Amino acid sequence: MVETIKAEQLRDMIDADEDFVLYDTRSPDSFADWHIAGAENVEFSGDDGGVVGEFDADELDAGDTVITICATGNSASSFAEFLEREGHAHDVKTVEGGMEAWSLVYDTVPIATSNDDLVVLQLQRRSKGCLGYVVGSKSAGEAALVDVTRATDEFLDAASEYGLKVTRVLDTHIHADHISKGRELADRLGVPYHLGQPAETRDPDFEFYPIEPNDVVELGDVEIKAVHTPGHTTGMTSYLVDDEALLTGDTLFVESIGRTELQFADQDARDGARVQYETLHKVIMTESNDVKILPGHFSVTDDGEYIDVTPGQPMFSTVGYIWENNEILRMAEDEFVEHMFDNLPSKPPNYEQVIATNAGEYQPEDEDEETELELGPNRCAATSESAVADD
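Residues numbered from 1 in each chain as written. Predicted model: local features only at pLDDT ≥ 70, side-chain atom pairs only at ≥ 80, totals over all residues. Heavy atoms only, no water.

### Section: the overall build of the chain
- Within the chain, the secondary structure is distributed over 11 helices and 20 strands.
- On C-alpha atoms alone, the chain measures out to a radius of gyration of 22 Å, which is about the 21 Å that the 2.2 N^0.38 rule sets for 391 residues.
- Across its three principal axes, the chain shows a C-alpha extent of roughly 65 × 50 × 40 Å.
- Per-residue burial over the chain gives 56% buried out of 391 residues.
- Partitioning the intrachain contacts of the chain with sequence separation of at least 6 by distance along the chain shows that 65% fall at a separation of at least 24.
- As displayed, the chain has an accessible area near 16600 Å², and 40% of this comes from carbon and sulfur atoms.
- Taking the 25 positively charged and 84 negatively charged side chains of the chain as two groups, their mean positions are separated by 5 Å. (Helix = DSSP H or I, 4+ residues; strand = E, 2+ residues; numbered from the N terminus. Rg over C-alpha atoms; globule rule 2.2 N^0.38 Å. Buried < 20%, exposed > 50% of the residue type's maximum accessible area, 1.4 Å probe, protein only. Contact = heavy atoms within 4.5 Å. Areas by Shrake-Rupley, 256 points an atom, 1.4 Å probe, with all protein chains shown as cover. Lys, Arg positive; Asp, Glu negative; His and termini not counted. Charge placed at Lys NZ, Arg CZ, Asp CG, Glu CD.)

### Thoughts on the environment of I179
- Positionally, I179 belongs in the loop between β12 (165-170) and α6 (182-189).
- Placed 26 residues apart in sequence, I179 and D205 show a C-alpha to C-alpha distance of 15 Å.
- Residues contacting I179, with those up to four places away along its chain left out, are V148, T149, R150, V354, T357, N358, P364, E370, L373 and E374.

### With respect to the pairing of strand β9 (residues 118-125)
- β9 sits mainly inside the fold: eight of its eight residues count as buried.
- By the alternation rule, side chains of β9 split into L118, V120, Q122 and Q124 and V119, L121, L123 and R125, which are all buried.
- Bridge count between strand β8 (residues 106-110) and β9: five bridges; the pairing is antiparallel. Counterpart to T108 in the pairing with β9 is L123.
- Both β9 and strand β10 (residues 130-137) contribute to a ladder of eight bridges, which runs antiparallel. Note on β10: the bridge partner recorded for V120 is V135.
- Here β9 folds back onto β10 in antiparallel fashion, the turn holding four residues, of which G129 has a positive phi close to 85 degrees. (Pairing = 2+ DSSP bridges.)

### Details of unusual backbone geometry
- A positive phi angle, near 55 degrees, is found at D17, a position not held by glycine.
- With respect to the element layout, D17 can be found in the loop between α1 (7-15) and β2 (21-24).

### Observations concerning a negative patch on the surface
- Together, E40, D56, D58 and E59 give the surface a local cluster of negative charge.
- One can find E59 in the loop between β5 (50-51) and β6 (65-69). (Patch = residues over 30% accessible without salt bridge, like charges linked within 9 Å, V, L, I, M, F, W, Y side chains within 5 Å. Salt bridge = Lys/Arg side-chain N within 4 Å of Asp/Glu carboxyl O.)

Right, dumping it as structure tokens:
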């Protein structure tokens, strides 16, 4: 019987640079849309029990470790059994839950700060590029969760590991590429759910505790200040933590800048880009050079490659470094606007329905539909390449 492994075990094997062959048995179209770096596509029909695409068994050596993966685990398991049965491989494992399980693999990474009382944990959703945060005060034993995804237990476990009780949940904005569970978790815990007050411009179909621009939420002596940073959306609010880290949502990333046309119609994207330019130059870049920029996403290509970041390592930059190294920021306004407009990647899959879900206007049928809505990497950056000058 073929051995199954968890998606987290596959992550650990990748991180340890173990030697193995990874076969993805989904259709070529699904594979092209999104796959793990280094995977080879061999379409396999679990129903018909045969290889649909091309497969050269001679490429395998007798001692090779083979991992198989598909959408949910079914065809990959059948392909693994085929490899064993036909004598093509002896050490074959299949990933339980397939790419659906891979889409929910997280790394929890502490972010160093100068305040011994302050806890900042970065939760990295490895396959999709989503970043969420636990911000807490050790002395008060309290934590706020920021940009909570569907993997709510990951956030709760991270806070619990530091002895922190969650007393607030915040979102930076109404997200377009993944389903927020911030509201649902806050209701379950009986704690306030916050958006920045400017999010009211999106007419969300639910109640929340608005934070006015420049207002402060306190966790003991730790202060979280709301900073209105429109551009990606009209309601985007970043959170300045103790004057040393700015959680920027989808406004500014480590290696790129947030796109501006997902809320605005395409013909108004230039207007959104002008707002983004103003936010970057007159708000974010006026912070001290050593303020850490902690974004809401990192870039993952359709081929599963990571751009200028390493999963499992802290993903942040500083105001000073970004100013010196991001060429887009040093463009004149008109040039910036045209660059943002001309370099947009394809829109996130199902983004309109994801927005409707996060705005409280639509309720997915079940967890399977939520998974389907979210599959694939995020595409909230205006430019995923060439946004940062070479070092």
